[in-house]
Amino acid sequence: DEIPNMVAGLNLDMVGEDQAQTGSVLLIERPPEATASFTPVLLAHLREMIYDDVKNYSGIGQYSLQRYATTGFSGGSDHYVFSDPAVGVPMPMLIQWPDKFYHTSADTLDKVSVESLTKVGSLASAYAYFIASAGPDDVSWLAHEMLVQFREKLAQITQNTILAIWEGEAAERARKELNRLERLVAFHLDRHRVALQGLMRLCDIVSSLSDMMYYDAARFANQEMGRARRLAEQHLGVAALESVPDSPETLDEWEQRAAEMKPHRLYRGPASTIGALESLSSEALAEWFKLLASRKTGAFTVPVLAEYWADGRRTALEIVDLVEMETGIRDAELIVCRFELLQRSGLIEL
């Protein structure tokens, strides 16, 4: 009953640590892209206001003596339930990680820092206060801040593509990199559109502002794609790039299976792994855990993200593409096996 009235949330998992003792970094973990939101942009801006409180030698620049960073969604805490699109409460997480005393008997009160706890408390309070009291001017400022951060992200993605092209001499590789960039730009532009629409949670008069900000973002995205193409042509020559035919990607066995599968969730929120596994045979369990153990990265996060994108309309192959855009990991086998496991457990229909 309360969820429809929730604007946003904030998960404070492990905070207030003495970074010198624990070896940790204060992280903002963004919500998943399936629940794209204004929240990580707001939280990151407030963090810089609160944490960058030390001036350099000349007194001109400012920085923080505490380590901090922003990361993509990985899950593993309460925010992964709220941030599921089926629940729909965008919720970043504040967490100190890594922590050399994590879940040990040495995780005692002396590992807490008064300064660290004060700052994270100020950050959480400022975040909550802004969301609770935001008016038209506040929302307009936040929309422009979202545009600035979107431009920075897209410019860096484009620059990484240009570097990959310039490091090689093959026109075929350059064409693949440009095609990949086009997909990434389209993905992040669409997620930016969804995040702008989320501003309606704060103020009900921002539809025209959201449209204007999206138009500016789309124009910048086109400019960045043009910049990448021009520099690729400069490096390899127009004729060389045009000589490479656009051929469709060949699907492997797991991608073909994914293309024929359209998962429809029968529950709200991410599936309980323990509950999902209780109904399986010991052979099926062993097979699933063997598959997880074979993955160096993404074994937990990729299946969760795949569930988020499962809306009953997308094919599993479309979901494989979306997870790849979000994480850089393309793992059709893991995603297909996860959906088949949930089907056997009666939690989704295929």
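Preceding block: the structure.
Residues numbered from 1 in each chain as written. Predicted model: local features only at pLDDT ≥ 70, side-chain atom pairs only at ≥ 80, totals over all residues. Heavy atoms only, no water.

### Remarks on the environment of Leu341
Logical step 1: The residue Leu341 is located in helix α14 (residues 332-344) in this model.
Logical step 2: Considered as a pair, Leu341 and Trp288 are 53 residues apart in the sequence and their alpha carbons are 8.3 Å apart. (Helix = DSSP H or I, 4+ residues; strand = E, 2+ residues; numbered from the N terminus.)

### What about the packing of aromatic side chains?
Logical step 1: In this structure the tally under the stated criterion is six aromatic pairs.
Logical step 2: Plain terms: the ring middles of Tyr51 and Tyr68 are 6.1 Å apart, the flat faces sit at 75° to each other, and that makes the pair edge-to-face. With Tyr51 in helix α2 (residues 39-51) and Tyr68 in strand β5 (residues 68-71), this pair connects stretches of sequence that are 17 residues apart.
Logical step 3: Above the ring of Phe101, the side-chain terminus of Lys111 is found at 4.6 Å from the ring centroid. (Phe/Tyr/Trp six-rings, centres within 6.5 Å; stacked < 30°, edge-to-face > 60°. Lys NZ or Arg CZ within 6 Å of the ring centre and 35° of its normal.)

### Remarks on the sheet that holds strand β6 (residues 93-97)
Logical step 1: With respect to topology, four strands assemble into an open sheet ordered β1-β6-β2-β5, the strand pairing being mixed. Each of the sheet's edge strands pairs with one partner strand only, and the pair in question is β1 (11-14) and β5. For this sheet, the mean angle separating the axes of adjacent strands, direction not counted, is 25°.
Logical step 2: Inspection of the sheet shows β1 paired to β6 by three bridges, in the parallel sense. Within β6, the position partnered with Asn11 by the bridge is Met93.
Logical step 3: Of the strands in this sheet, β1, β2 (25-29) and β6 are in contact with helix α4 (residues 114-133), which crosses β6 at around 160°. (Pairing = 2+ DSSP bridges. Axes fitted to C-alpha atoms, helices over the stretch in contact; angles between N-to-C directions. Contact = heavy atoms within 4.5 Å.)

### What to know about unusual backbone geometry
Apart from glycine, the bulk of residues carry a negative phi angle, and the bulk of peptide bonds sit in the trans form.
Logical step 1: A cis geometry characterises the amide bond from Trp97 onward to Pro98, with omega recorded as -5°.
Logical step 2: Within the secondary structure, Pro98 is located in the loop between β6 and α4.
Logical step 3: Its identity is not glycine, yet His103 carries a phi of approximately 55°, on the positive side.
Logical step 4: Here His103 is to be found in the loop between β6 and α4.
Logical step 5: Judged by relative accessible area, His103 falls into the exposed class, the value being 68%. (Buried < 20%, exposed > 50% of the residue type's maximum accessible area, 1.4 Å probe, protein only.)

### Some points on α4
Logical step 1: With 20 residues, α4 ought to run about 28 Å at 1.5 Å a step, and its terminal C-alpha atoms sit 28 Å apart, in line with that.
Logical step 2: Those residues of α4 lying buried are Ser116, Lys119, Val120, Leu123, Ala124, Tyr127, Phe130 and Ile131. The buried residues of α4 occupy one face: seen down the axis, they fall within an arc of 130°. Exposed side chains of α4 directed beyond 90 degrees from the buried face belong to Val114, Tyr129 and Ala132.
Logical step 3: Between a side-chain oxygen at the N-terminus of α4 and the backbone nitrogen of Glu115 the separation is 3.3 Å; the capping residue is Ser113. (Expected span 1.5 Å × (residues − 1). Arc of directions from axis to C-beta. Polar contact = N/O pair within 3.5 Å; in protein donor to acceptor, adjacent residues only side chain to side chain.)

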